[in-house]
Amino acid sequence: AARQALEAAELAPGTPETLAELRDPARRPQQPHFPPDASNTSFRPDAPLALDKKALLDNVRRARRGAAPGPSGTTAEHIRLLLDDEHCTDLFCEVAEDLARAEIPEAAAEAIRLGRLTALRKENGRVRGIVSGDLIRRLVARTIAQQFGQDFDEACRPFQFALSTKAGTECVAHAIRASTQLDVRTTVTSVDGVGAFDHVARLPMLSSLRSLPRASAALPFVRLFYGRDSEYLWYDDE
């Protein structure tokens, strides 16, 4: 924690100039690449998602102390208190499963959908926005990713180097090294994407998820956040 505090990027000033860069339409597209697909919007799984409660509670216990909270201010320390009482634990699991099924009031969905935006100063002087989502949303998303990790792994093969694998980056490094050693003419080009998250096409992601027999049960949850515009809260110096 001390090392991270010393090496972390400094905060960008809370000025109108920082806000303008965070809103830069050239780097932060204001419109989606594709119009909404009605088949994704109207999709309902054959059976509602049954959230793995053991995995959920394990994720609560393993959640990092001091992790950045979302706009609500909820931290792992707050949620761990619920585990001291069996009835409270059961209620928390019910709420989490309702969220996983996207069966929550719209007012609650709007609040959970918000992200807290922190502006960091990059080495080149530009601004990078880092978003902290609601903790309950993150816990439910992690649990869903674990439940369907094998489905996602098979769907993304052979280009899956992160989820459900502990040697993904090493695999990439060895594959590149092998390619360059086999042919001296092989050239590796490094590309740094601009606003990678902001430029992701969401429609192909949602449509691909809908096509997975088992994991399609997670589409209502994913659609709750990626089926509409993202909204962030940022605080200036005032």
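Now for a quick tour of the structure. Just so it is clear, the model here is predicted, and its values are computed rather than measured. (Residues numbered from 1 in each chain as written. Predicted model: local features only at pLDDT ≥ 70, side-chain atom pairs only at ≥ 80, totals over all residues. Heavy atoms only, no water.)

### Quick notes on the overall build of the chain
Across its full length, the chain carries 13 helices and three strands. When its C-alpha atoms are laid out on the principal axes, the chain stretches across 60 × 50 × 40 Å. For the chain, buried positions account for 29% of its 238 residues. Relative to all contacts within the chain whose residues are 6 or more apart in sequence, the contacts with residues 24 or more apart total 71%. (Helix = DSSP H or I, 4+ residues; strand = E, 2+ residues; numbered from the N terminus. Buried < 20%, exposed > 50% of the residue type's maximum accessible area, 1.4 Å probe, protein only. Contact = heavy atoms within 4.5 Å.)

### Structural notes on the packing of aromatic side chains
Throughout the structure, instances matching the rule amount to three aromatic pairs. Both rings, one in phenylalanine 221 and one in phenylalanine 225, keep their centres 5.2 Å apart while their planes meet at 70 degrees; by these two values the pair is edge-to-face. In this pair, phenylalanine 221 and phenylalanine 225 are both assigned in helix H13 (residues 219–226), four residues apart and thus about one turn of the helix distant. The residues phenylalanine 221 and phenylalanine 225 share a single accessibility class, namely buried. Of note, arginine 137 hangs over the ring of phenylalanine 225, and the distance from its end group to the ring centre comes to 4.1 Å. (Phe/Tyr/Trp six-rings, centres within 6.5 Å; stacked < 30°, edge-to-face > 60°. Lys NZ or Arg CZ within 6 Å of the ring centre and 35° of its normal.)

### Things to note about the pattern of salt bridges
In a structure, side chains of opposite charge can pair up when their charged atoms sit close to one another. What the rule picks out here adds up to ten salt bridges. Across the pair arginine 126 and glutamate 21 runs a salt bridge whose closest N-O atoms are separated by 2.6 Å. With arginine 126 in the loop between strand S1 (115–121) and strand S2 (127–133) and glutamate 21 in helix H2 (residues 16–22), this residue pair connects regions lying 105 residues apart in the sequence. Accessibility expressed as a relative area gives 29% for arginine 126, which makes it partly exposed. (Salt bridge = Lys/Arg side-chain N within 4 Å of Asp/Glu carboxyl O.)

### Thoughts on the side chain of glutamate 97
For glutamate 97, the location among the structural elements is in helix H6 (residues 86–100). If we skip the residues at most four places from it in the chain, glutamate 97 touches Leu49, Ala50 and Leu51.

### Topic: the sheet that holds S1
Judged by pairing direction, the sheet is mixed, and its three strands sit side by side in the order S2-S1-S3 without closing on themselves. In this open sheet, the two strands that pair with only one neighbour each are S2 and strand S3 (232–233). Taken together, the seven bridges between S1 and S2 define a ladder with antiparallel strand orientation. Among the inter-strand pairings, leucine 117 is bridged to a residue of S2, identified as valine 131. (Pairing = 2+ DSSP bridges.)

### Description of helix H9 (residues 149–156)
One turn of an α-helix holds 3.6 residues; hence residues three or four places apart share an orientation. Within the span of H9, buried status applies to Gly149, Asp151, Phe152 and Asp153. Among the structural elements, helix H8 (135–147) and helix H12 (202–210) are those in contact with the buried residues of H9.

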